[in-house]
Structure formats: structure tokens, C-alpha cells
Amino acid sequence: MERSTTLRKNPSRETCEGIIKRILMTEVLEHGSNKHFRFASDFMNYFESLYPASDALTKQVQRAIKAMDMPKDEHGFYIVNKTSAQLENEKEISHLLQNANVSIHPMEQVETVFLSINSYMKSYLVHLLETTETFQGKYITIVETSNGLLIYTENKNQLLILLNSLTI
């Protein structure tokens, strides 16, 4: 009777990446954030429970971590589902938003008014509406469209009364 011993071979780098993502996602879902995994070696207990411990396995896990290009938070823990480039972009966006004193306007209360106007007059009218004191505070923004202007406002009735008084 022939006995075959089946040794589990090391996982591919892609398999390691998938396993690492699952580990980190589980960590985030259970604890709210990653508080256990800072280094490739932190994943080794899990991998060694599935595959024979070896230098090749360690190197494969290290390659997977490197290929995933995961950034780390301020405490040195891996951030799942973001690359270092994505994190840098988010930091840059945050920096710009803070420096520009950006205010956020939810659009639930916003209404629109459309002004149909000839294309050669649109830019000039936008300039006048933006610089005339009469219209200050009457709109949130004005968007040029293919055949007119779309005005977003929080007080449509006031804006309509003002516009109608100027078109008489």
C-alpha cells in the first residue's frame, strides 16, 4: 500500500495578498481599526497555520505586503484598501480644504432657477451677478450651461422676485 504525503506548497504572492486583505478587513470589522498588524511578521502565525513554516513562505508574505503598497497610520499599523499614493492624495485634499476654509453646503435645501440667455451674454451676466451687491447672498453658485445659466439658491422665491423685478 502506497502512502502519499501531500505537502502543502507555499501560496502565490496574489494568494498571500488576498489572505492579508481578508485578515485586515476582519480586524477592521471586529475592532473598528487595525491594532495588531504593523509588519509582515505579524501575519506569519496565520500563514504558518496553513502552510509549512519556511524562509520561502516568509519572503512570499513580505513580497505580498510590498506589492500591496499599503500605507501605515500614525501608529504604524497597516491601512487596508488604500495605497500609499491614495493616502497622500487624501492628505493633500484635506490640506487644501482646510487652508481654503471650505464650507460644505448640503444640497437638500437648494433649489434651482434657470435663465435662458444667448451664449455670448452668459459670461458677462455671471460677472454682473457676482459683482452686484443686489445679488450678494441670493445664490450659492451659478453654472453656465449650453443654453443659459443655472442658479442654485436656498431662497428661490426671493431670487425670482428680484429677477422678475429686473425683467419688467
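Look a little higher up for the structure.
The rules behind each value
Each chain has its residues counted from 1, following the order in which its sequence is written. Totals for whole chains, interfaces and linings use every residue, but because this is a predicted model, local features are given only for residues with pLDDT of at least 70 and side-chain atom pairs only at 80 or more, for both listing and counting. Hydrogen atoms and water are omitted, and side-chain values are computed over all heavy atoms in the structure. Strands here mean DSSP runs of E at least two residues long; helices mean DSSP runs of H or I at least four residues long; both are numbered from the N terminus. Each residue is placed in one exposure class: buried if its accessible area under a 1.4 Å probe, protein chains only, is under 20% of its type's maximum, exposed if it is over 50%, and partly exposed if it falls in between. Between two residues, a contact is recorded if the distance between any of their heavy atoms is within 4.5 Å. Any carboxyl oxygen of Asp or Glu within 4 Å of a side-chain nitrogen of Lys or Arg constitutes a salt bridge here. We call two strands paired when DSSP finds no fewer than two bridges between them. The length a helix should cover is 1.5 Å for every residue beyond the first. Throughout, nonpolar core names a set of buried Ala, Val, Leu, Ile, Met, Phe, Trp, Tyr and Cys residues whose side chains join them through atoms within 4.5 Å. Each patch is built from salt-bridge-free residues with over 30% relative accessible area, joining like charges within 9 Å and nonpolar side chains (Val, Leu, Ile, Met, Phe, Trp, Tyr) within 5 Å. Note on areas: Shrake-Rupley, 1.4 Å probe, and residue coverage restricted to the protein chains presented here.

J.: Looking at this structure, I do not really get the side chain of T153. What am I missing?
T.: Tracing the sequence through the fold places T153 in strand β3 (residues 148-153). We classify T153 as buried; its relative accessible area is 0%. Once residues lying within four places of it in the same chain are set aside, the contact partners of T153 are Q109, V110, E111, V113, K138, Y139, I140 and L159.

J.: When you look at the pattern of salt bridges in this model, what are you seeing that I'm missing?
T.: When the charged atoms of two side chains lie near each other, side chains of opposite charge can form a pair. On inspection of all chains with the given rule, the structure shows 4 salt bridges. Measuring nitrogen to oxygen at the nearest pair gives 3.2 Å for the salt bridge that ties R13 to E14. Between E88 and K91 there is a salt bridge, with its nearest N and O atoms 3.9 Å apart. Linking E88 with K91, this pair stays in helix α4 (residues 84-99), spanning 3 residues, or about one helical turn. For E88, a relative accessible area of 48% corresponds to the partly exposed category. On the basis of relative accessibility, which here comes to 47%, the residue K91 falls in the partly exposed class.

J.: Before we go on, may I ask you to explain the pairing of strand β2 (residues 141-145) in this structure?
T.: A regular strand places its side chains so that they alternate between the two faces of the sheet. Bridging between β2 and β3 involves 5 bridges; their strand directions are antiparallel. Within β3, the position partnered with E144 by the bridge is L149. Here β2 folds back onto β3 in antiparallel fashion, the turn holding 2 residues.

J.: I'm lost on α4 in this one. Help?
T.: Turn by turn, an α-helix covers 3.6 residues, leaving residues three or four places apart pointing in a common direction. For α4, with 16 residues, the first-to-last C-alpha span of 22 Å sits near the 22 Å given by 1.5 Å per residue. The first or second residue beyond α4 is N101, which carries a positive phi of 50°.

J.: Please explain the nonpolar core as it appears in this structure.
T.: Looking at soluble globular proteins, one finds that nonpolar side chains tend to be buried together. By size, the foremost hydrophobic cluster in this structure holds 19 residues, and its most contacted members are I20, L24, F43, F47 and V61. Counting residues per element, the ones that place at least two in this core are α1 (13-31), α2 (44-50) and α3 (55-68). Beyond its immediate chain neighbours, meaning those up to four positions away, V61 contacts C16, I20, A40, F43, M44 and F47. In this structure, V126, I151, L159 and L162 belong to the second largest nonpolar core, which totals 13 residues.

J.: What is the right way to look at a nonpolar patch on the surface in this model?
T.: Taken together, the side chains of I93, L97, V102 and I104 present a nonpolar region at the surface, about 410 Å² in accessible area. With respect to the helices and strands, the residue I93 is situated in helix α4.

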